[in-house]
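What the coordinates show
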Amino acid sequence: DAGVTQSPTHLIKTRGQQVTLRCSPKSGHDTVSWYQQALGQGPQFIFQYYEEEERQRGNFPDRFSGHQFPNYSSELNVNALLLGDSALYLCASSGGLAGGGNEQFFGPGTRLTVL
Amino acid sequence: QKEVEQNSGPLSVPEGAIASLNCTYSDRGSQSFFWYRQYSGKSPELIMFIYSNGDKEDGRFTAQLNKASQYVSLLIRDSQPSDSATYLCAVNMYSGGGADGLTFGKGTHLIIQP
């Protein structure tokens with residue numbers, strides 16, 4: 001049973017560039033949530049996707065956008081990168097309405113460095 | 001503004017002893033409570049969740065919830081060096097539309113001393 005997968009593992013970008021991160025949820029899960037974790041901090045909720053729509057959003061600017069595909073996989077896009085966007089980006093999947101589970105399981109994360 | 005507070009530590013516990021980790025939350029509407037373990041350089045791993053007042057036990061782990069005091073705790077019995085990690089407390093609401101995004105504390109760094 002494959003868990004949550006994310007790609008790429010590491011990424012280095014320069015200020016002003018755009019980046020796309022990808023996530024495939026755990027088998028049987030249909031809801032994907034994205035989090036940003038800065039060094040020494042707990043993860044911060046960015047947004048959540050269910051049925052290919054953004055269901056809920058945290059306190060992040062519009063530079064952060066996402067998408068969910070019919071196979072439940074998801075992308076996180078960040079435009080106009082800032083130095084402060086350097087962080088570990090985590091994807092978590094959960095059962096949503098179909099799976100019935102509230103528990104969220106994390107992928108290995110993508111380490112983004114902005115120079 | 002939802003807040004989750006944890007003592008950042010480090011909390012140092014001798015091997016074989018009980019480690020006690022605590023967490024308070026500000027939003028009385030919070031319905032679900034989670035403990036994640038995060039090793040350095042790795043992603044969070046779900047180890048316990050609790051939805052009702054009282055205790056929930058799973059192996060060496062016990063989660064305790066007191067909604068009146070807005071307090072959640074995690075006990076680790078017979079602590080092992082492999083338990084050394086950062087423990088993240090997280091809360092959310094589960095509305096009719098599904099589970100909300102998690103609000104995390106900053107985590108408690110636990111060190112088990114051999």
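Throughout what follows, the structure given in this document is the object of discussion. (Residues numbered from 1 in each chain as written. Chains lettered and ligands numbered in written order. Predicted model: local features only at pLDDT ≥ 70, side-chain atom pairs only at ≥ 80, totals over all residues. Heavy atoms only, no water.)

Looking at the overall build of chain A
The number of helices and strands found in chain A is one helix and 11 strands. Put simply, chain A runs from its N terminus to its C terminus through helices and strands in the order β-β-β-β-β-β-β-β-β-α-β-β. Since a compact globule built from 115 residues should have a radius of gyration of about 13 Å, the 13 Å found for chain A is in line with a globular shape. Along the first, second and third principal axes, the C-alpha atoms of chain A reach 40 × 25 × 25 Å. Here chain A, with 115 residues, has 49% of them falling under the buried criterion. For chain A, restricting intrachain contacts to residue pairs at least 6 apart in sequence, the fraction spanning at least 24 positions comes to 53%. Roughly 5300 Å² of accessible area belongs to chain A as shown, and the carbon and sulfur atoms make up 50% of that amount. Considering chain A, the positive charge centre built from 8 side chains and the negative charge centre built from 10 side chains are found 12 Å apart. (Helix = DSSP H or I, 4+ residues; strand = E, 2+ residues; numbered from the N terminus. Rg over C-alpha atoms; globule rule 2.2 N^0.38 Å. Buried < 20%, exposed > 50% of the residue type's maximum accessible area, 1.4 Å probe, protein only. Contact = heavy atoms within 4.5 Å. Areas by Shrake-Rupley, 256 points an atom, 1.4 Å probe, with all protein chains shown as cover. Lys, Arg positive; Asp, Glu negative; His and termini not counted. Charge placed at Lys NZ, Arg CZ, Asp CG, Glu CD.)

Quick word on unusual backbone geometry
Backbone torsion omega between A:Ser7 and A:Pro8 reads -5°, so that peptide bond is classified as cis. Tracing the backbone shows A:Pro8 in the loop between strand 1 (5-7) and strand 2 (10-13). Cis geometry is adopted by the peptide bond preceding B:Pro10, which originates at B:Gly9 and carries an omega value of 10°. Along the polypeptide, B:Pro10 turns up in the loop between strand 1 (4-5) and strand 2 (11-14).

A word on the interface of chain A and chain B
Residue-level contacts link 23 residues of chain A with 24 residues of chain B. A combined buried area of about 1800 Å² lies between chain A and chain B, and 49% of that area is made up of carbon and sulfur atoms. For the chain A face of the interface with chain B, the top three residues by lost area are A:Arg55, A:Asn102 and A:Glu103, together amounting to 30%. Taken together, the links from chain A to chain B amount to 10 residue pairs in polar contact (both at pLDDT 80 or more). Listing elements by their share of the side of chain A that touches chain B, those giving two or more residues are strand 4 (31-37), strand 5 (44-50), strand 6 (53-57), strand 9 (87-94), helix 1 (96-99) and strand 10 (105-106) of chain A. Looking at side-chain class alone, the side of chain A that touches chain B contains nine nonpolar, 12 polar and two charged residues. (Buried area = accessible area lost by both parts, 1.4 Å probe. Polar contact = N/O pair within 3.5 Å; in protein donor to acceptor, adjacent residues only side chain to side chain. Nonpolar A, V, L, I, M, F, W, Y, C, P; charged D, E, K, R; others polar.)

A word on the pairing of strand 6 of chain A
Residues and elements named next belong to chain A. Two elements, strand 5 and strand 6, share four bridges in a ladder whose sense is antiparallel. Note on strand 6: the bridge partner recorded for Tyr-50 is Glu-53. In this structure, the hairpin formed by strand 5 and strand 6 is closed by a connection of two residues, where Glu-51 is found at a positive phi of approximately 50°. (Pairing = 2+ DSSP bridges.)

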